[in-house]
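For reference, the chains in residue letters:
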Protein chains: 2
Amino acid sequence: MCRVAYLDNNATTPMHEKVLLKMLPFLKDSYGNPSALYDLGKQANLAIQAARKEVASLINSKDNKIIFTSGGSEANSTIIMGYCLRKAPKAGHIITTSIEHPAILKACEFLEKEHDYSITYLPINSDGIIELNQLENEIRNNTVMISIMMINNELGTIQPIRSVGEISKRNGIHFHCDAVQAVGKVGIDVEELKIDSLSLSAHKFGGPKGIGALYLFNKSDIMPLIHGGGQEEGLRSGTENVAGIVGLGEAAKLAKERYEFLKEHFVQLRKLFLSKLEEQLDGWELNVGGEFVYPSTLNIAFDDIRAEALATMLNFYNVSISIGSACSSSSPKQSHVLTALGLSNEKIRSSVRISFGYQTEESEVLYAAETLIHTVMQLRQLSIQKV
Amino acid sequence: MCRVAYLDNNATTPMHEKVLLKMLPFLKDSYGNPSALYDLGKQANLAIQAARKEVASLINSKDNKIIFTSGGSEANSTIIMGYCLRKAPKAGHIITTSIEHPAILKACEFLEKEHDYSITYLPINSDGIIELNQLENEIRNNTVMISIMMINNELGTIQPIRSVGEISKRNGIHFHCDAVQAVGKVGIDVEELKIDSLSLSAHKFGGPKGIGALYLFNKSDIMPLIHGGGQEEGLRSGTENVAGIVGLGEAAKLAKERYEFLKEHFVQLRKLFLSKLEEQLDGWELNVGGEFVYPSTLNIAFDDIRAEALATMLNFYNVSISIGSACSSSSPKQSHVLTALGLSNEKIRSSVRISFGYQTEESEVLYAAETLIHTVMQLRQLSIQKV
């Protein structure tokens, strides 16, 4: 039986071994600068073009609309700053949600503070979903962008992107979708969904850290964030991270191959995990459930438990889970997402996030469930003894 | 005898095999998100801290003054935009040189165009060096930054950084040094040189592409370019490129170990190369030479030769060299550096850049010299026959 369980795949996933195999030549002998005109350079350049094709194909975009970045945060900052400031150097308006990733929220705050922007943060209902009529009501004359994520990193909730796309299009407003948690999990067709720009990150679906991409339908829409030698058609300069790009391309290819069964796999893992909890443990609750939740994420509150103590104990048993968003655990504060969901402080402090990845196996989930049940019982026992 | 010669190390260097060995665990089992609180995350975090120490030590900085970026261009854009716009949101003044890398020049142009900045581009003399009295004369009341590179990528010329540091300090102006071509080649002491900020890039000295760093003495001086989860003390968000950072750390460590003999090694290779040319070929000239040139770069003009034809033929013989800067060859235009040096258009079109790296061997240089001599003769022969 498995004695290790990594269930924090929304924070990052292990790299697929095929991805590493594909990257290795570019970490060894194929080291040319893609801008160079000799063969070693051309090799690297061709590899980048092939990867661009794979990434484009994953979201049904044209190749030339993919801009490689160093990750999801750079992609998000590039579009928020690069599009909004080109469109309205001062006092523009952005509509986003209260549960976006900090990469969106902090960029919006920056525009608010430094460029007199106003930002509307749409609330979510108890299903973790925005209300479309509220979105429509918030549109103003100076609204330059609607930025709404596809799948939330803490809750797994899927926003009504198709309708957001339609509303944006109808009002002639740029629709940016942070799809960092969605790409590699769900099939995405940017054209059909009327998405103007979309962010993705390789390490969230079996690719390497330090590489991502921005899909941008209209490249003349933005000013670059990083200036220099004119790579990525001048929109993102800097010698290309060739191995990283090749890794992203391979991760995209593998993701496309497994779409068919991945969701079903997660549904099964989720059922297994929840059935164990239902059988053996009282005093817990899914913070959000139902049809709007992608099955790989479970956000659960345990009565009379401090999430931090639980996660620490689980780590001792080699079970890795998260409390709040990993991306902001370097600045520990209460999850803005769980707050937006309307949970009490007490409940938020008792909540953990469990997230499956493409590589997660049944035995891992079983071990994690049993260890978690055991640990929760132990902690409750201890707290009773203390009283 | 060696039948391959890679002599374009100013464009990029092959990754050192020890760097790859150090990176591999973080591309395999040590895949944790450094922000996570469980062991897998802490491992990654510790590795980042160790790498930060190595990078800091390479330039005699304190660890906490190193900000990891996705490369040199991001480091340069971060400081130019992040420092200048904080200091003067509008109409500031920057002094730089006419031979900076496009990462500096394009960022300055951006400030000129979008924020009413004025930029002074210091000329260079025939030694490829700025004149310090000109620098002093150009300082204005609204000068917010002096940005001068350490070693030029096309010429190899070393600017009088120590004096620039003193002038900057005396005038209370931030001194940024683009040291992308210098780090890993020459010993740098940022404190002694009075450098306020410095950019470096791993792939220029045996590290991976897609990772670099900004040294910044006073971190409160800048606004971030990339917003998000608050990594790098909030100055550069985004899940860390752990493997890349570890690779940069190892490259820094290796660079420090070889300083002692590296320059002497380059001096020998240069002598060897030039002696072959002197013995066997007429009608060529070093575009810049003398004491201000770091010995790993040779920029040479060949009479009656088109650099492009020469480079293409050499590529056929597996000799890789560059015409103009690789970083801008995706947008082919005449080298702004050679223009600044005062060369005629004819001479610029006849010029190639040869650059050695830490791994360059004598046999490579010998093969390249002989192939180059042979090819130049052949091309000249062909051109005579055409007439």
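Residues numbered from 1 in each chain as written. Chains lettered and ligands numbered in written order. Predicted model: local features only at pLDDT ≥ 70, side-chain atom pairs only at ≥ 80, totals over all residues. Heavy atoms only, no water.

**A few points about helix α2 (residues 39-58) of chain B**
Phase 1: Compared with the 28 Å implied by 1.5 Å per residue over 20 residues, the 29 Å span of α2(B) between its first and last C-alpha is a close match.
Phase 2: Residues Leu40(B), Gly41(B), Ala44(B), Ala47(B), Ile48(B), Ala51(B), Arg52(B), Val55(B), Ala56(B) and Leu58(B) constitute the buried set of α2(B).
Phase 3: Turning to α2(B), the residues buried within the fold contact β1 (5-6) of chain A together with α1 (17-27), β2 (66-69), β7 (197-201), β8 (212-216) and α7 (242-280) of chain B.
Phase 4: Asn60(B) sits one or two positions beyond α2(B) and adopts a positive phi of about 55°. (Helix = DSSP H or I, 4+ residues; strand = E, 2+ residues; numbered from the N terminus. Expected span 1.5 Å × (residues − 1). Buried < 20%, exposed > 50% of the residue type's maximum accessible area, 1.4 Å probe, protein only. Contact = heavy atoms within 4.5 Å.)

**With respect to the relation of the copies chain A and chain B**
Phase 1: When chain A is fitted onto chain B, the two copies agree to an RMSD of 0.0 Å after a turn of 180° and an axial shift of 0.0 Å. Each copy turns onto its partner about a two-fold axis. Across chain A, the smallest distance between a C-alpha and the rotation axis is recorded for Ser70(A), namely 3.1 Å.
Phase 2: Both copies present the same face, since 100% of the interface residues in chain A are matched by interface residues at the equivalent positions in chain B. (Least-squares fit on C-alpha atoms with pLDDT ≥ 70 in both.)

**Comments concerning the sheet that holds strand β9 (residues 284-286) of chain B**
Hydrogen bonds along the backbone pair up the strands of a sheet, which may run parallel or antiparallel.
Residue and element names in this part refer to chain B.
Phase 1: With antiparallel pairing, 3 strands are arranged side by side in an open sheet as β9-β10-β12. Single-partner strands in this sheet number two, and they are β9 and β12 (351-355). On average, each strand axis in the sheet is inclined to that of its neighbour by 30°, with strand direction left out of account.
Phase 2: In this structure, β9 lies alongside strand β10 (residues 297-302), joined through 3 bridges in antiparallel fashion. Bridge assignment links Trp 284 to a residue of β10, and that residue is Phe 302.
Phase 3: Each of β9, β10 and β12 touches α7; the most contacted strand, β10, lies at about 15° to it. (Pairing = 2+ DSSP bridges. Axes fitted to C-alpha atoms, helices over the stretch in contact; angles between N-to-C directions.)

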